[in-house]
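Examination of the molecular architecture
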Amino acid sequence: MKTLLAAVALGALLASVEGDAASPPACGPRVRKGWSMLSCAEREHYIDAVRTFHSENTSDYHDFSQLHQNNGGYAHWTSAFLPWHRWFLVGYENALRSLPGFE
């Protein structure tokens, strides 16, 4: 039951963020680089996006954090690890990309 509620909560949170997690962006598939592969400018851009998200959308930022923390057992110790985190990170990335200046 807890897992179902978490899935519903994440679905509602993702739906509230502009963009569709299932649709690739118009510019093609997203490529995620490891932190060590980012340039200094790319690192600063990401940090600025997270700071902006936290300051302008504090409740959404904390919702993502709480959702991840509350689903630690399900999301980390089951076969759902990879799909759950893929889903979660696409939603988080969409939230950051929905901010003005971070598209």
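Reading the values: rules and limits
Residues numbered from 1 in each chain as written. Predicted model: local features only at pLDDT ≥ 70, side-chain atom pairs only at ≥ 80, totals over all residues. Heavy atoms only, no water. Helix = DSSP H or I, 4+ residues; strand = E, 2+ residues; numbered from the N terminus. Buried < 20%, exposed > 50% of the residue type's maximum accessible area, 1.4 Å probe, protein only. Contact = heavy atoms within 4.5 Å. Areas by Shrake-Rupley, 256 points an atom, 1.4 Å probe, with all protein chains shown as cover. Salt bridge = Lys/Arg side-chain N within 4 Å of Asp/Glu carboxyl O.

It is worth spelling out the overall build of the chain at this point. In terms of helices and strands, the chain carries five helices and zero strands. Its helices and strands in sequence order give the chain the pattern α-α-α-α-α, from N to C terminus. For the chain, the proportion of its 103 residues judged to be buried stands at 28%. Sequence-distant contacts, at least 24 apart, represent 68% of the contacts inside the chain between residues at least 6 apart. About 7000 Å² of surface is accessible on the chain, with carbon and sulfur atoms providing 61% of the total.

This paragraph deals with the pattern of salt bridges. All told, the structure shown has four salt bridges when counted by the stated rule. The salt bridge involving Lys33 is made with Glu42; its shortest N-O contact spans 2.9 Å. Glu93 is the partner of Arg97 in a salt bridge, and the nearest nitrogen-oxygen pair spans 2.8 Å. Highlighted residues: Arg97 and Glu93, both in helix α5 (residues 81–97), separated by four residues, approximately one helical turn. Look at the salt bridges and you will find they share partners, linking Arg30, Arg32, Glu93 and Arg97 into a network.

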